[in-house]
Amino acid sequence: MSRIDELIATHCPNGVPYMGVTEVADYIRGITYNKGDEELNGPRRVLRANNITLSSNTLNLDNLKHVSESVRVRDNQRLHAGDILICAGSGSKDHIGKVAYIFRDMEETFGGFMGVIRSKGKLDARYLFHILTSDLFLGYLRGALSTTTINNLNSRVMKGFVIPVPPLEIQREIVGILDAFSKMEAELEAELEVELEARKQQYEHYRRMLLTEVEATGSLAELGELGRIVTGRTPKASDTSSWGEDVDFITPSDIKNGMKSVSIPVRRLSKSGADSLSKAIVPARSLLVTCIGADMGKTVINENKCATNQQINSITLNSGIDTDFVFHVLTSMRGKIRAQGERAGGTMPIINKSDFSKIKISLPTLLEQKRIAAILNNFDALVNDLHRALPAELAARRQQYEYYRDKLLSFREDV
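Residues numbered from 1 in each chain as written. Predicted model: local features only at pLDDT ≥ 70, side-chain atom pairs only at ≥ 80, totals over all residues. Heavy atoms only, no water.

## Considerations on the environment of Gly-42
Structurally, Gly-42 can be placed in the loop between strand 2 (25-29) and strand 3 (44-47). Among the residues examined, Gly-42 registers a relative accessible area of 5% and is labelled buried. When the C-alpha atoms of Gly-42 and His-66 are compared, they prove to be 4.7 Å apart, with 24 residues separating the residues in sequence. Sequence-distant contacts of Gly-42, that is, excluding residues within four places in its chain, are made with His-66 and Val-67. (Helix = DSSP H or I, 4+ residues; strand = E, 2+ residues; numbered from the N terminus. Buried < 20%, exposed > 50% of the residue type's maximum accessible area, 1.4 Å probe, protein only. Contact = heavy atoms within 4.5 Å.)

So, in structure tokens, the structure goes:
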């Protein structure tokens, strides 16, 4: 028999009482203010829905709203350790029900579409937090709010949420177990992030060393001399017949940081759409480089024949040039490419096809290109293998936590 089973047998052998959450905790809505109350550096800082990170149920203090001193804040609207901040609703089902546990007293208050749940004494705050991040609460919300489009988590809705309230000794035993799982998950994430950063630095070190040697010994060549350069095009939005499932259509949003190849874009062209862009179609294993906007300079290799939008220049290399080698060179030059685009002087960094074609790189012999590419491909694989493994490992830990949470929060009701 587990320690929790022993405590239940001792303190509540006939089952655990279930009570409305507002019977054992206060539910306090946040401050209200007008647009005119907002000030760039106002004295009051206000937390909003976007300040709760859903994946980790933690707070971030970026992009806080600042409002004037004239906005009234009641004493119970100040945040204290043990409070649970909850998104009370803003017309968006993506926000409603997000929660974060407050570990310390805070200067910040919270906005009117937020609420705080504060224990009256019969609840351990961490116990309540684990309940509010479980399907007990999220399932209740889905049902309670299914008949309205306002998605307002008001006092009436909260009053209807019923929770098991075992003795505090049992609550704290459960908290100890679940917090231990959460701690292990956080520690694992931190360890994997450190390992990932170390691998990235190792890759960048060897790439810098190898390509510095190439710059000293290789021959300079303009990108336009290395192959065919194509600037992408986009079918008319009104031409729905251009879209289908035949040919990949790549945009900058399909190209993520650290990605080497792209094969599953959000959109694809129909055969007729591809035919209409026939001069902009590039074969597999071309190099796609973003050349407009904040994300310019990202380089990937397309795994399939594709078209791109006009924010991408593609290079289909001549024979005798190693695609992987040029990929690593252009990836190392991302900062330089962006700096060149910013020198154009417009509000948005941009490199047109003509200027892009004139970018110079150093080329060693094909044998040396292949040697360097093989080394850097191995480092790139090490980085990306861990990058892919990280979310999978964390998801496994999260499932383990959720399994034990759901078991520990299931009680026979004392009727």
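From this point on, the discussion continues.
## Some remarks on unusual backbone geometry
The backbone phi angle of Asn-63 is positive, close to 55 degrees, even though this residue is not glycine. With respect to the helices and strands, Asn-63 occurs in the loop between strand 5 (58-59) and strand 6 (65-67). With a phi close to 65 degrees, Arg-285 is a non-glycine residue in the positive phi region. Residue position: Arg-285 is located in the loop between helix 8 (271-276) and strand 17 (287-290). For Arg-285, a relative accessible area of 44% translates into the label partly exposed.

## Notes on the packing of aromatic side chains
For the coordinates displayed, the defined rule picks out eight aromatic pairs. With 5.2 Å between their ring centres and 85 degrees between their planes, Trp-243 and Phe-249 make a pair best called edge-to-face. Using a relative accessible area of 3% as the deciding quantity, one classes Phe-249 as buried. Members of the aromatic cluster, joined through ring pairs, are Tyr-101, Phe-103 and Phe-129. The ring of Tyr-101 carries Arg-126 above its face, with NZ or CZ at 4.7 Å from the centroid. One cation-aromatic arrangement involves Arg-267 over Trp-243; the distance from NZ or CZ to the ring centre is 3.6 Å. (Phe/Tyr/Trp six-rings, centres within 6.5 Å; stacked < 30°, edge-to-face > 60°. Lys NZ or Arg CZ within 6 Å of the ring centre and 35° of its normal.)

## With respect to the sheet that holds strand 18 (residues 299-302)
Strand order in the open sheet made by the five strands is 13-20-17-18-15, with mixed pairing throughout. Looking at which strands have only one partner, the edges of the open sheet turn out to be strand 13 (227-231) and strand 15 (261-262). Bridge count for strand 17 against strand 20 (residues 312-317) is four bridges, and the pairing is antiparallel. Note on strand 20: the bridge partner recorded for Val-289 is Asn-313. Contacts from helix 9 (residues 323-332) reach strand 17, strand 18 and strand 20 within the one sheet, and its direction differs from that of strand 18 by about 155 degrees. (Pairing = 2+ DSSP bridges. Axes fitted to C-alpha atoms, helices over the stretch in contact; angles between N-to-C directions.)

## Some thoughts on the nonpolar core
The biggest cluster of nonpolar side chains holds 41 residues, and the ones touching the most others in it are Leu-128, Leu-153, Ile-163 and Ile-174. Of the residues forming this core, the biggest block, six residues, is contributed by helix 3 (residues 125-132). With near-sequence residues (within four places) excluded, Ile-174 lies in contact with Ile-4, Tyr-127, Leu-408, Leu-409 and Phe-411. In terms of nonpolar packing, the next biggest core, distinct from the first, is built from 39 residues, Ile-321, Phe-325, Val-329 and Met-333 among them. (Core = buried A, V, L, I, M, F, W, Y, C linked by side-chain atoms within 4.5 Å.)

Without other data, these values stay purely geometric and don't point to any function.
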